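# A look at the structure
One letter stands for each residue in the lines below.
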Amino acid sequence: MHPEDSASWWGHLREIAAQTCSLVAPRQCPCGEEGTLLCARCIALLEAEPQRVEQCCDALQELSAARVRDVRVGAQLLPAGVDHTPLLPVLALGEYEGDLQRLILAWKNGGMLHLAARLAPALLPAVHRLTAPTGAATVHLVPVPSQRSARLRRGEDHTAELVRAMQRCGAGHALTLEARPTTAQDGQGARQRRTRRIVLSPRSIRRAQRVPGPVVIIDDVVTTGSTLRGMHRALTDAGMDVLGAVVIASARMPPGSDGTR
Ligand SMILES: [Zn+2]
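All residue numbers refer to positions counted from 1 along the written sequence of the respective chain. Since the coordinates come from a predicted model, pLDDT governs what is reported: local features require at least 70, and pairs of side-chain atoms require 80 or more to be given and counted, while whole-chain, interface and lining totals use all residues. Processing note: side-chain calculations cover all non-hydrogen atoms of the structure and skip hydrogens and water entirely.

## Digging into the coordination of the zinc ion
Rule in force here: Atoms of type N, O and S within 2.8 Å of a metal are treated as its donors, and for Na, K and Ca the window is 3.2 Å; water is not considered, so some sites may appear to be missing partners. Geometry assignment treats four donors as tetrahedral when all angles are between 85 and 135 degrees, treats four as square planar and six as octahedral when opposite donors are over 155 degrees apart and all others between 65 and 115, and treats everything else as irregular. Strands here are runs of E lasting at least two residues and helices are runs of H or I lasting at least four, both read from the DSSP assignment and numbered beginning at the N terminus.
The coordination sphere of the zinc ion, as far as protein atoms go, consists of C29 (SG), C31 (SG), C39 (SG) and C42 (SG), spread over 2.2 to 2.3 Å. Bound by 4 donor atoms, the zinc ion shows angles of 102 to 118° at the metal and therefore tetrahedral coordination geometry. Read in sequence order, the donor residues for the zinc ion give the motif C-x1-C-x7-C-x2-C. Taken together, the positions of C29 in the loop between α1 (3–24) and α2 (40–46) and C39 in the loop between α1 and α2 put the pair 10 residues apart, joining distant regions of the chain.

## As for the environment of Q61
Note the following rule: Should any heavy atoms of two residues lie within 4.5 Å, those residues are counted as being in contact. Each polar contact in these results corresponds to two N or O atoms within 3.5 Å; when the atoms are within protein, one needs to be able to donate a hydrogen and the other to accept it, and residues that are neighboring in sequence are counted only if both atoms are side-chain atoms.
Looking at where Q61 falls in the secondary structure, it is placed in strand β2 (residues 61–67). For the pair Q61 and D83, spaced 22 residues apart in sequence, the C-alpha to C-alpha distance is 9.1 Å. Beyond its immediate sequence surroundings of up to four residues, Q61 is in contact with E54, Q55, H84, T85, P86, R194 and R229. In this structure the side chain of Q61 is engaged in a polar contact, spanning 2.8 Å, whose partner is the backbone oxygen of E54.

## Some remarks on the side chain of D219
Put simply, the rule reads: Throughout, exposure labels follow a simple rule: accessible area from a 1.4 Å probe, protein chains only, divided by the maximum for the residue type, with under 20% read as buried, over 50% as exposed, and the rest as partly exposed. In this tally, Lys and Arg are treated as positive and Asp and Glu as negative; His is ignored, and so are the chain termini. Any carboxyl oxygen of Asp or Glu within 4 Å of a side-chain nitrogen of Lys or Arg constitutes a salt bridge here.
Here D219 lies in strand β11 (residues 215–222). No salt bridge is formed by the buried D219; the nearest opposite charge belongs to R196, separated by 6.0 Å. Those residues in contact with D219 that lie beyond four places of it in its chain are V144, T159, T227, L228, V246, V247 and I248.

## Focus: a nonpolar patch on the surface
Spelled out, the test is: Grouping into patches uses exposed residues only, defined as over 30% relative accessible area, and leaves out salt-bridged ones; the cut-off is 9 Å for like charges and 5 Å for nonpolar side chains (Val, Leu, Ile, Met, Phe, Trp, Tyr). The protein chains shown are the only cover counted for residues, whose accessible areas, like all others here, come from Shrake-Rupley with a 1.4 Å probe.
Taken together, W9, W10 and L13 make up a surface patch of nonpolar side chains, about 330 Å² in accessible area. With respect to the element layout, W10 can be found in helix α1.

## Re the nonpolar core
Where we set the bar: In plain words, nonpolar cores are sets of buried Ala, Val, Leu, Ile, Met, Phe, Trp, Tyr and Cys residues tied together by side-chain atoms within 4.5 Å.
Membership of the largest hydrophobic core comes to 38 residues, with the highest contact counts inside it found for L141, L162, M166, I218 and I248. Contributions of two or more residues to this core are made by α2, β6 (90–95), α3 (98–108), α4 (116–122), α5 (124–131), α7 (158–168), β11 and β12 (242–250). Discounting chain neighbours no more than four positions away, the residues touching I218 are V127, L141, V142, P143, V144, T159, L162, V163, M166 and V246. Core analysis: the second largest hydrophobic core is formed by 27 residues, L88, A234, M240 and M253 among them.

Read these as spatial facts, not as claims about activity.
As structure tokens, this is what we get:
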């Protein structure tokens, strides 16, 4: 074959390969922008400073004090009523809506598994904010166990994979624990509805008991916080020191956090 023929043959082959690939996997950002796997606007969403969102999660509020009348403590007037203290700090990159929601759905349900490699480093600052004040040398990252039905439907445990990607970024040690499936009857009462009951397998409890340092719970989206509450309960029952939780997005954000940081 003449060198020029050979070059044009390779050129054709490259063109065919490129077209085939773009048919199979079009380069498109989850927000819809063409020609890029993740556009600048969506990258900026992931680079957002993590926000504390636990006060927006109903299921995480603990009743800490009740006053029948206003009480003055120093210069501060505490109104009559009930104080709510969140069970644990929860950090999120943003609100579960718009492009951030599309990005999470593309990763979880749309087969864009490569996004885990972009989400993992985005969560590092949040993990650091929880661990830095403790001075702990190591932290274990525990994904919320996915329900078996979700794992079968999607063919993959997304949160566990995200935590493994976070370990590769140096965020901490991934610690995947298994939960025993709970029946539909669980969590029926008004009290239990606040908690998604999570029962760790005996093997996972033994693994948890051998973990020396503190742990951070990792999940994709927080809504009421009932899953995080259940996970917090399961881990503290196993003797773990839970520093808080890090999620990608929160169904609700505290007032003033929508781009007005
Ligand atoms: Zn985008």
